[in-house]
Amino acid sequence: MPKKKSILDLYKMKKAGEKVAWITAYDYPTAMFAEAAEMDMLLVGDSLGMVTLGYSGTVPVTMEDCISHCQAVRRGAPKTFIIGDMPFGSYQGSDEQAVNNAVRFLKEADVDAIKLEGGVRVQTRIRAITDAGIAVFGHIGLTPQSSGQLGGFKAQGRDVKNARGVIEDAFAVQEAGAMALLVEAVPPELTKFIAEKLEIPVYSIGAGDCDGQLLISSDMVGKFQAFTPKFVKVYANIAEIETNAYKVYVKDVKEGVFPSDDYVYHITDPIEEFEKLFKEFE
Ligand code: KIV
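Definitions and cut-offs
Residues numbered from 1 in each chain as written. Predicted model: local features only at pLDDT ≥ 70, side-chain atom pairs only at ≥ 80, totals over all residues. Heavy atoms only, no water. Helix = DSSP H or I, 4+ residues; strand = E, 2+ residues; numbered from the N terminus. Buried < 20%, exposed > 50% of the residue type's maximum accessible area, 1.4 Å probe, protein only. Axes fitted to C-alpha atoms, helices over the stretch in contact; angles between N-to-C directions. Parallel < 35°, antiparallel > 145°, perpendicular 65-115°, else oblique. Left-handed = near helix turned anticlockwise from the far one by under 90°. Contact = heavy atoms within 4.5 Å. Salt bridge = Lys/Arg side-chain N within 4 Å of Asp/Glu carboxyl O. Phe/Tyr/Trp six-rings, centres within 6.5 Å; stacked < 30°, edge-to-face > 60°. Expected span 1.5 Å × (residues − 1). Polar contact = N/O pair within 3.5 Å; in protein donor to acceptor, adjacent residues only side chain to side chain. Near = heavy atom within 4 Å. Areas by Shrake-Rupley, 256 points an atom, 1.4 Å probe, with all protein chains shown as cover. Nonpolar A, V, L, I, M, F, W, Y, C, P; charged D, E, K, R; others polar. Domains from an automatic or database assignment.

## Structural notes on the environment of T243
Phase 1 of the analysis: Mapped onto the fold, T243 is located in helix α11 (residues 238-254).
Phase 2 of the analysis: Taking the relative accessible area as the measure of exposure, T243 reaches 40% and is therefore partly exposed.

## Remarks on the packing of helix α5 (residues 95-109) against helix α6 (residues 123-131)
Phase 1 of the analysis: Where α5 contacts α6, the two axes come as close as 9 Å, and the packing angle between them is 45°. As the angle between them shows, α5 and α6 are arranged oblique. Considering the relative orientation of α5 and α6, their crossing is right-handed. Where α5 approaches α6, its residues D95, A98, V99 and A102 are matched on the opposing element by T124, R125, A128 and I129.

## A word on unusual backbone geometry
Phase 1 of the analysis: A cis amide bond links F258 to the next residue, P259, at an omega of 5°.
Phase 2 of the analysis: Inspection of the secondary structure puts P259 in the loop between α11 and α12 (271-280).
Phase 3 of the analysis: The phi torsion at E38 lies on the positive side, around 60°, for a residue other than glycine.
Phase 4 of the analysis: Its place among the elements puts E38 in the loop between α2 (28-36) and β2 (41-44).
Phase 5 of the analysis: In this model, A185 sits at a positive phi of 50°, which is unusual for a non-glycine residue.

## Considerations on the pattern of salt bridges
Phase 1 of the analysis: If you walk through the whole model with that rule in mind, you get 15 salt bridges.
Phase 2 of the analysis: A salt bridge links D95 to R125; its shortest N-O distance comes to 2.6 Å. Residue D95 is found in helix α5, and its partner R125 is found in helix α6; the two are separated by 30 residues along the sequence.
Phase 3 of the analysis: Judged by relative accessible area, which is 14%, R125 ranks as buried.
Phase 4 of the analysis: Look at the salt bridges and you will find they share partners, linking K4, R74, D110 and D112 into a network.

## Regarding the packing of aromatic side chains
Phase 1 of the analysis: One pass over the structure, following the stated rule, counts nine aromatic pairs.
Phase 2 of the analysis: Ring-pair connections join several aromatic residues into one group, and the members of that group are W22, F81, F137 and Y203.

## Points about helix α8 (residues 160-175)
Phase 1 of the analysis: Relative to the 22 Å expected for 16 residues at 1.5 Å per residue, α8 spans 22 Å between its end C-alpha atoms, a close match to the ideal helical length.
Phase 2 of the analysis: Among all positions of α8, only A163, V166, A170, A172 and V173 are buried.
Phase 3 of the analysis: Tucked inside the fold, the buried residues of α8 contact α6, β5 (136-141), β6 (180-184) and α9 (188-197).
Phase 4 of the analysis: For α8, the capping residue at the N-terminal end is D159, with a side-chain oxygen 3.2 Å from the backbone nitrogen of K161.
Phase 5 of the analysis: G177 sits one or two positions beyond α8 and adopts a positive phi of about 105°.

## Regarding the site of the ligand
Phase 1 of the analysis: Inspection of the region around the ligand gives 13 residues, with G45, D46, S47, D85 and K115 positioned closest.
Phase 2 of the analysis: Here an oxygen atom of the ligand and a side-chain polar atom of D46 are 2.8 Å apart.
Phase 3 of the analysis: The side chain of S47 places a nitrogen or oxygen atom 2.5 Å from an oxygen atom of the ligand.
Phase 4 of the analysis: Within the complex, 96% of the 260 Å² of free accessible area of the ligand lies under protein.
Phase 5 of the analysis: For the shell around the ligand, the per-class residue count stands at five nonpolar, four polar and four charged.

## Some thoughts on the domain arrangement of the protein
Phase 1 of the analysis: Here the protein is described as being made up of domain 1 (7-236) and domain 2 (241-279).
Phase 2 of the analysis: Inter-centroid distance (C-alpha atoms) of domain 1 to domain 2 is 47 Å.

## Description of the environment of N162
Phase 1 of the analysis: Within the secondary structure, N162 sits in helix α8.
Phase 2 of the analysis: For N162 and A185, which are 23 residues apart along the polypeptide, the C-alpha to C-alpha distance reads 13 Å.
Phase 3 of the analysis: Setting aside residues up to four positions removed in sequence, N162 forms contacts with Q156 and G157.

Given below as structure tokens:
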């Protein structure tokens, strides 16, 4: 098992042109499987609200939800670099609120870094959290927490005017002291430009090639059924495997096939002794 990555390793990997592979994880088993697969990092995204809690967006997710899922992921992946996602409402209020909640992630869930959404408009938040000694990942382009403002889960930076805003956001995030940047759902030309210009590592989710790739685990293994974004490569169909297993189980139970002798605990005293015992209660 390779040793746990640090921020310094991420910088070295960028310099060496070595790609970083990461996914989201929300629970103990996924974290275990990801660590066994030698995933470079894990994000406990507030997408947990949609893919594990069934909300239609990320806005309802609370600090308590995020902390508890981060704790489960840390238990499953003790040797993996973990990023905790700051949920909507946990940093919008003030720099002080942002620092206090970022501190909670480190103290209560043992994460290695936190992520928050936005560029120019969250510069002072990033600076304040960084000044508190916490590694920050920025997140620009399509920012799901502000999908209401963006008119939905829509790709960003497709025209020059909008691309200018994405570039300004990228520079603002780096200038504020963030250690890395995640760019979501923008054209690859724009991502390439940003990754070349920025000194910090730039990672993509649905934004083409750069220093590394992130995917939502539930999308890539076919667990989240509501919709699959265009940029997701689906590597497995867990929903089909799991549903089929449940169907066979239901049939087995109804037909008395399960539990057979293989799936029960056997008595250790002679049956006659048990029959005597049962008689006492008749
Ligand atoms: O919450 C999340 O999983 C994220 C990704 C969409 C990047 O922030």
